[in-house]
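Listed below are the residues making up each chain.
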Amino acid sequence: MYRSSDKMEEYCGVLGIYSKKTANLSDYLYDGLQSLQHRGQEGAGACWTDGSSFMSKHKLGLSTNLFSSDFNPYGNIAIGHLRYSTSNDLKAASLGPMLSTERNFALAHNGHLRVNNSNEVDTLEAVKFLEKGQAEDMISIFESFRYKLEGSYAFVLMTKEKLIGMRDPKGIRPLLLGYIKNKYDEELWILSSESCAIKTMGGNVIRMVEPGEIIEIDSSGIHSYKQFNHQCNEELCAFEYIYFSRADSQIYDTCVHEFRYKSGILLSKKYNFSDADIVIGAPDSGIPAAMGYSKESNIPYVEGFVKNHYMGRSFIEPESNLRKKRVQLKLNVLEYNVSGKNVVLIDDSLVRGNTAKHMIESLKKCGAKKVYFLLASPPITSHCYLGIDTKSHEELIAHKKSIEEIKISLGVDFIGFIETDELDTIASSSKLCKKCFNLKYKRIL
Ligand code: 5GP
Ligand code: MG
């Protein structure tokens, strides 16, 4: 039996749990998947084993939909998956993790793949590829897999005896290893897309899985397989810091909130507006940058918008007018704070420009005199096949228009961005992939 995905899974969240004792893993799955919910809200799934058979449950919508009275994940290994999809007709049968009964494993995947120069493949193809592996053990198959695969992937795989994690050789998507010792003295190992889940589950982060590394966890402990016949030069997707990861997650030595806050400080050093009265941030990911800007410039930070937290994602609506409508429902101006003011507005990124257009128009409608618009990332000029979720270059406002044209079309008094090189200074030791900011970049796969 397969559970397949019909679309690529650039973002998505993956989680793996290995418990030394057989236990009810429900609480761990609940806390872990809930904490990774921002990585995918379209569907959730979990597979688990008690060593004799595989069990699974998949549900459309939020991860909480999994947790009904018939959900009883009793075992010692479990994996979970959160689906981020651009597909409108998503079915529960196409959610991850995917099971292979032929070879007795289940796979959860975050990334975007191609095998042996073929066309792009989805997670189902990856499962078929793994099934064809000649070797007896899963690690040998995974090792051969990483030579043949191109693209971005963070995998969490389980057999009846092992939990295995793997990150692509460029480390485009994150994967972390953690450890929990609970009050009953039970010990668990965790693999997770983000540190916020490990912390919420009551654990500690041990480290990032390295680019190209395979981690194997079984009754004999943890084993790492790093041998790789070419150098792994890390290229972590810059958008993990800019937009995608939760603010309390830590990537290597930098907390995501800290990265965003520092990008606001940097913007303040670059762009100074002597007549600005207030700084506001676009909820949620623009807010730390607005706070950083305010701290450095001494211009007061105030809330400019109220966000409706019960809305899904405006970004992934397939129809452009639906996307605009959702942005409108999602963000409403706090007129009381902005009326009559010159406003510095900060968002994390400018993709199609829908969010910006709505925010700026509504700020003006509510009496803002001037709007200085700053972005805590460079202009996105190229469609990324491994990251930002757009279908083509043509959708990107900065691909089609010059900075001056964007300024005019958005109706702002100023527009300013962070430069590509500046991102590296904020991310300290992380080495980032920034190809989507490079106009010459056409295709990575
Ligand atoms: P725009 O409205 O310009 O198309 O998108 C920009 C907004 O979408 C920003 O406020 C940013 O926080 C958010 N965003 C940036 N990248 C992504 C992405 O890959 N997926 C989703 N869902 N939102 C994104
Ligand atoms: Mg946003």
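S.K.: Which residues make up the sheet that holds strand 4 (residues 74–83), and what values go with them?
M.R.: Taken together, the seven strands give an open sheet; going across it, the order is 3-2-4-1-11-10-12, and neighbouring strands pair in antiparallel fashion. A strand with exactly one partner marks an edge of an open sheet, and here the two such strands are strand 3 (54–60) and strand 12 (204–208). Along the sheet, successive strands turn relative to each other by an average axial angle of 15°, direction set aside. Pairing analysis gives five bridges linking strand 1 (residues 13–24) to strand 11 (residues 187–192), with the strands arranged antiparallel. Residue pairing for strand 11: Leu15 is matched across the bridge by Ser192. Its contacts with the sheet put helix 1 (residues 26–35) on strand 1, strand 2 (43–49), strand 4, strand 10 (176–181) and strand 11, and the angle it makes with strand 1 is roughly 160°.

S.K.: Now, about a positive patch on the surface: what can you tell me, with residues and values included?
M.R.: Residues Lys324, Lys357, Lys400 and Lys401 make up a contiguous surface patch of positive charge. Residue position: Lys357 is located in helix 10 (residues 354–365). Residue Lys357 is classed as partly exposed on the basis of its relative accessible area, which comes to 35%.

S.K.: Tell me what's going on with the sheet that holds strand 18 (residues 278–281), and back it up with residues and numbers.
M.R.: On the basis of which strands lie adjacent, the open sheet formed by four strands has the order 18-21-22-23 and parallel pairing. The open sheet has two free edges, formed respectively by strand 18 and strand 23 (414–417), since each of these has just one partner strand. Strand-to-strand twist of the sheet, defined as the mean angle between neighbouring strand axes without regard to direction, takes the value 20°. With four bridges joining them, strand 22 (residues 370–375) and strand 23 adopt parallel strand pairing. Residue pairing in the sheet places Phe373 in a bridge with Ile415 of strand 23.

S.K.: Could you give an account of the packing of helix 6 (residues 256–270) against helix 7 (residues 287–297), with specific residues and numbers?
M.R.: Relative to each other, helix 6 and helix 7 sit at 45°, their axes nearing to 6 Å. Overall, the two elements helix 6 and helix 7 adopt an arrangement that is oblique. The element helix 6 and its partner helix 7 pack so that their crossing is right-handed. Contacts between helix 6 and helix 7 involve His257, Arg260, Tyr261, Ser263, Gly264, Ile265, Leu267, Ser268 and Lys269 on the former and, on the latter, Pro288, Ala289, Met291, Gly292, Tyr293, Lys295, Glu296 and Ser297. Considering only residue class, the contact of helix 6 with helix 7 consists of seven nonpolar, six polar and four charged.

S.K.: Describe in detail the environment of Tyr11, supporting the description with residues and values.
M.R.: Checked against the element boundaries, Tyr11 lands in the segment before strand 1. Judged by relative accessible area, Tyr11 falls into the buried class, the value being 2%. Put simply, Tyr11 and Asn110 are 99 residues apart on the chain and 5.8 Å apart in space, counted from C-alpha to C-alpha.

S.K.: Residue-level account of the pairing of strand 4, with values.
M.R.: Look at any regular strand and the pattern is simple: side chains alternate between the two faces of the sheet. With nine of its 10 residues buried, strand 4 lies for the most part within the structure. Bridge count between strand 1 and strand 4: eight bridges; the pairing is antiparallel. Across the sheet, the residue bridging to Ile17 is Ala78, located in strand 4. Direction of pairing for strand 2 relative to strand 4: antiparallel, over a ladder of seven bridges. Along strand 4, the bridge assignment pairs Gly45 with His81.

S.K.: I'd like a description of the packing of aromatic side chains, backed by residues and values.
M.R.: Counted by the stated rule, this structure contains 12 aromatic pairs. On the numbers, 5.9 Å between centres and 35° between planes, the contact of Phe239 with Phe437 is tilted. Separated by 198 residues along the polypeptide, Phe239 in helix 5 (residues 239–244) and Phe437 in the segment after strand 24 (432–433) bring together distant segments of the chain. In this pair, the class of Phe239 matches that of Phe437, namely buried. Taken together, the ring pairs in this structure connect Tyr30, Trp48, Phe67 and Phe71 into an aromatic cluster.

S.K.: Run through the nonpolar core, naming residues and quoting values.
M.R.: Counting 64 residues, the largest nonpolar core has Ile17, Leu29, Tyr293, Val344 and Ile346 as its most contacted members. Split by domain, this core shows at least three residues from each of two domains, domain 1 (2–234) and domain 2 (255–430). In contact with Leu29, other than residues within four places in its own chain, are Leu15, Ile17, Gln34, Ala46, Phe67, Phe71, Pro73, Ala78 and Ile79.

S.K.: Tell me about helix 7, and please be specific about residues and values.
M.R.: Listing the buried residues of helix 7 in full gives Pro288, Ala289, Ala290, Gly292, Tyr293 and Ser294. Its buried side turned inward, helix 7 meets helix 6, strand 18, strand 21 (342–347) and strand 22.

S.K.: Tell me about helix 10, and please be specific about residues and values.
M.R.: Owing to its 3.6 residues per turn, the α-helix brings residues three or four apart onto one side. For helix 10, with 12 residues, the first-to-last C-alpha span of 16 Å sits near the 16 Å given by 1.5 Å per residue. Turning to helix 10, its buried residues number three or more, namely Asn354, Ala356, His358, Met359, Ile360, Ser362 and Leu363. Downstream of helix 10 by one or two residues, Gly367 has phi in the positive range, about 95°.

S.K.: Any chance you could break down the side chain of Thr254 for me, citing the residues and the numbers?
M.R.: Along the polypeptide, Thr254 turns up in strand 17 (residues 254–255). Classification of Thr254 as buried rests on a relative accessible area of 1%. Engagement of the side chain of Thr254 in a polar contact is seen with the side chain of Ser428, the distance being 2.9 Å. Setting aside chain neighbours within four positions, we find Thr254 in contact with Tyr241, Ser249, Phe259, Ile426, Ala427 and Ser428.

S.K.: Could you give me a rundown of unusual backbone geometry, with the residues and numbers involved?
M.R.: In this structure, Pro97 follows Gly96 across a cis peptide bond, with omega equal to -5°. Residue Asp284 is reached from Pro283 by a cis peptide bond, and omega for that bond is -10°. In this fold, Asp284 is placed in the loop between strand 18 and helix 7. Here Tyr252, not a glycine, exhibits a phi torsion of approximately 50°, which is positive. Residue position: Tyr252 is located in the loop between strand 16 (250–251) and strand 17. When its relative accessible area of 28% is taken as the criterion, Tyr252 is described as partly exposed. One non-glycine residue, Asn298, lies in the positive phi region at around 65°. Note on placement: Asn298 falls in the loop between helix 7 and strand 19 (305–307). Note on Asn298: relative accessible area 70%, which makes it exposed.

Calculation notes
- Residues numbered from 1 in each chain as written.
- Chains lettered and ligands numbered in written order.
- Predicted model: local features only at pLDDT ≥ 70, side-chain atom pairs only at ≥ 80, totals over all residues.
- Heavy atoms only, no water.
- Pairing = 2+ DSSP bridges.
- Helix = DSSP H or I, 4+ residues; strand = E, 2+ residues; numbered from the N terminus.
- Axes fitted to C-alpha atoms, helices over the stretch in contact; angles between N-to-C directions.
- Contact = heavy atoms within 4.5 Å.
- Patch = residues over 30% accessible without salt bridge, like charges linked within 9 Å, V, L, I, M, F, W, Y side chains within 5 Å.
- Areas by Shrake-Rupley, 256 points an atom, 1.4 Å probe, with all protein chains shown as cover.
- Salt bridge = Lys/Arg side-chain N within 4 Å of Asp/Glu carboxyl O.
- Lys, Arg positive; Asp, Glu negative; His and termini not counted.
- Charge placed at Lys NZ, Arg CZ, Asp CG, Glu CD.
- Buried < 20%, exposed > 50% of the residue type's maximum accessible area, 1.4 Å probe, protein only.
- Parallel < 35°, antiparallel > 145°, perpendicular 65-115°, else oblique.
- Left-handed = near helix turned anticlockwise from the far one by under 90°.
- Nonpolar A, V, L, I, M, F, W, Y, C, P; charged D, E, K, R; others polar.
- Phe/Tyr/Trp six-rings, centres within 6.5 Å; stacked < 30°, edge-to-face > 60°.
- Core = buried A, V, L, I, M, F, W, Y, C linked by side-chain atoms within 4.5 Å.
- Domains from an automatic or database assignment.
- Expected span 1.5 Å × (residues − 1).
- Polar contact = N/O pair within 3.5 Å; in protein donor to acceptor, adjacent residues only side chain to side chain.

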